[in-house]
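# Structural characterization, general
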Amino acid sequence: MSSVQDVIASSLSAALESLGVRIDPSQFVVERPARIEHGEFATNVAMVAAKQLGEKPRSVAERICEYLGRNPVKYQQRLEIAGPGFINFFLDYGYLHEELVQVVTLGEDQFARSGIGSGERVQLEFCSANPTGPLHVGNGWWASYGDALARLLRRCGYDVSTEYYVNDTGGQIRRLGESLLARRAGREVEEEGYQGDYVRELAARYSGPDDVVDAGKWAAEKNLETIKSSLDKLGIHFDVWFSQASIEESGAVQEILDLLDSKGLLVEEDSKKLFLSTRFGDSRDRYLVKAEGDFTYLAGDIAYHYNKFVVRGFQRVIDIFGADHHGQVASLKAAMDAIGIGSERLEIILGQMVSLLSGADRLKFSKRKGNLIPLEDLVDELGPSATRLLSLSTSIDRATSVDIEKVKAESMDNPVYYIQYAHARMASIERVRDQRGIEMPDLSQINLSLLVHPRELALLRELTILPEVVEEAAIDRAPYKITNWLKEFSGLFHSFYHDCYVMSDAVEMELTYARLCLVAGCKVAVRVALSLLGVEALEQM
RNA sequence: GCCCCUGUAGCUCAGCUGGACAGAGCAGCUGCCUUCUAAGCAGUUGGUCGCAGGUUCGAAUCCUGCCGGGGGCGCCA
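Figured I'd write up the structure that's included with this text. Computed from a predicted model, the values in this text were never measured in an experiment.

### Quick word on helix α2 (residues 45–53)
Listed as buried for α2 are V45, A46, A49 and A50. End-on, the buried residues of α2 take up no more than an arc of 135°, which puts them together on one face. For α2, the elements touching its buried residues are α1 (4–18), β2 (41–43), α3 (57–70) and β4 (86–91). Of the residues trailing α2, G54 is marked for its positive phi of about 65°.

Take a look at the structure:
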């Protein structure tokens, strides 16, 4: 990325050198000031350098400005020293027009693409809700997050494989089987069982033997089909569905135990086996084999992660868990260090809890009781785009409460309309262009320097930062930053649309061409951003 | 007790690798449809950035302590 910012930054480094200081570019910033009165870009470099030079920031700024006066940056018009020592750059708008040419030339496929991933093989596991029932809003909320993160990482050059870990074995599956058999026999499901109506429906279809394991496995398979179709409705497709049972059956868990044992990290305690995880920072040691001889969940999970890193060779693994699985983090990381994988290669992102409100009432729900809101109902009600955008509007670190009534009733509240409307207006302009038979000249023939209206400039400025926003969102694992950009950009487009007619008798043809070009660039950017979130770009509304 | 998140406008949230007077949407109030879709635009009201210290030329942002909210500390998954 050889943006204007980078050019300014390297000029500043050269200026510093002429003053006899070396400052790493990471120590200072060249940023867009919050206020346009402060120029196109501003830097705090003089304040940073002042310390080393033992001078006042403003006098350092003056000397830097003198240097830049003799060796101006491309498009530089004038400089200003402001406040405690900021240097503000006022540039010729040509730099924005040049960037627009770039956007249009690169197009949807290439604009805002980054190579920071360098092809690193990343495995991204998310959702992974137990197949003991349908996906509900609570455990499906961050599924859109995982999917969007995968899209973001791919855009940035990572080689990503998405995965859903299916907990298709263990006590919960037995319990599911018990519940199923109880329903089939016309009995009530016990307190600890799964009481949702879906169990009743499944029981009516089950014709297998009266065996809790068979019944549980059968029901889990059916539930998994339901989960898959719910995710399908949201537009989420996993590369791999990985079975927990397959890990246990393969003998991989025993291999992990042997490996830990050989390192002296496993101790026998009666018939149980304890992993000395405290040696790797865990708050307590963890059992891997229970008194009855079964493996614990952690044992299987360690084997699963060994499989990800060693068997399948992923360089980095990202797991997205619900915050209620926070307790697993230290143990799993300790295990990675213990088996020589290195816990820094395992990144665990915790999605904070989601609570549902209906008006003022907080909805209490439980999977066992089966009184929760299926994700699918929300998707049916709102549509996939709105559902996705809802969970992609806030940081994953923030516990959110979703008011079902508000989201359903006041659709104006939902940013998806605002954003999609902006895209629809771009598409509409292009439809009218075609209807009127306006032929676009070659890009090089268009006089973009006509784009100087404040609305146009604001739009161009926001347009050019998308590549940085994409990188930042990927690095911070924060897809909501794309959403924020889209909201901001859509607002600027609506303002432009309102104030700047593209095709009208009052607008010179030259300007029409330039504005059509601007609209084309905007469309590219919005489509890129929407595709990263998995939100549909509507041609009309 | 320990660990992870979190506390910013009436509500929902940005801003938090320190920077120039703290932002947006919604709600409230006021204007704008003979031109490419008013699901829009423009204006306006509204904030001791939980509290107290500290570091700094400069703190919503970093550090410490306290207070409040959510989640976790299983031979459950």
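Now that the structure is up, let's keep going.
### Structural notes on the sheet that holds strand β5 (residues 121–125)
One open sheet holds the 5 strands; their spatial order is β7-β6-β5-β11-β12, and the pairing between them is parallel. The outermost strands of the open sheet, each flanked by one partner alone, are β7 (240–243) and β12 (346–351). Along the sheet, successive strands turn relative to each other by an average axial angle of 25°, direction set aside. The pairing of strand β11 (residues 316–322) with β12 spans 6 bridges and is parallel. Directly across from V317, in β12, lies its bridge partner L346. Sheet contacts for helix α9 (residues 212–233): β6 (159–166) and β7; angle to β6, the most-contacted strand, approximately 145°. Across the sheet, helix α13 (residues 326–338) touches β11 and β12, and the angle it forms with β12 is around 180°.

### Quick word on the packing of helix α6 (residues 143–155) against helix α21 (residues 509–533)
Relative orientation of the contacting elements α6 and α21 amounts to 130°, with a least axis distance of 7 Å. In terms of their interaxial angle, α6 and α21 are classed as oblique. Contacts from A148, R151, L152 and R155 in α6 reach V528, S531, L532 and L533 in α21. Split into classes, the residues belonging to the contact of α6 with α21 amount to 5 nonpolar, 1 polar and 2 charged.

### Side note on the side chain of S277
Inspection of the secondary structure puts S277 in the loop between β9 (272–275) and β10 (286–289). Not counting chain neighbours up to four residues away, the residues in contact with S277 comprise D282, R284, D285, R286 and A334.

### Notes on the protein's contact with RNA strand B
Neighbouring RNA strand B are 65 residues, the closest being R35, K272, R284, D397 and S428. The share of sugar and phosphate among atoms of RNA strand B within 4 Å of the protein is 62%. One nitrogen or oxygen atom from the side chain of R35 is found 2.6 Å from a base nitrogen belonging to RNA strand B. In this structure, D324 approaches RNA strand B through a main-chain N or O atom, which is 3.4 Å from a sugar or linking oxygen.

Cut-offs used in this document
Residues numbered from 1 in each chain as written. Chains lettered and ligands numbered in written order. Predicted model: local features only at pLDDT ≥ 70, side-chain atom pairs only at ≥ 80, totals over all residues. Heavy atoms only, no water. Buried < 20%, exposed > 50% of the residue type's maximum accessible area, 1.4 Å probe, protein only. Helix = DSSP H or I, 4+ residues; strand = E, 2+ residues; numbered from the N terminus. Arc of directions from axis to C-beta. Contact = heavy atoms within 4.5 Å. Pairing = 2+ DSSP bridges. Axes fitted to C-alpha atoms, helices over the stretch in contact; angles between N-to-C directions. Parallel < 35°, antiparallel > 145°, perpendicular 65-115°, else oblique. Nonpolar A, V, L, I, M, F, W, Y, C, P; charged D, E, K, R; others polar. Near = heavy atom within 4 Å. Polar contact = N/O pair within 3.5 Å; in protein donor to acceptor, adjacent residues only side chain to side chain.

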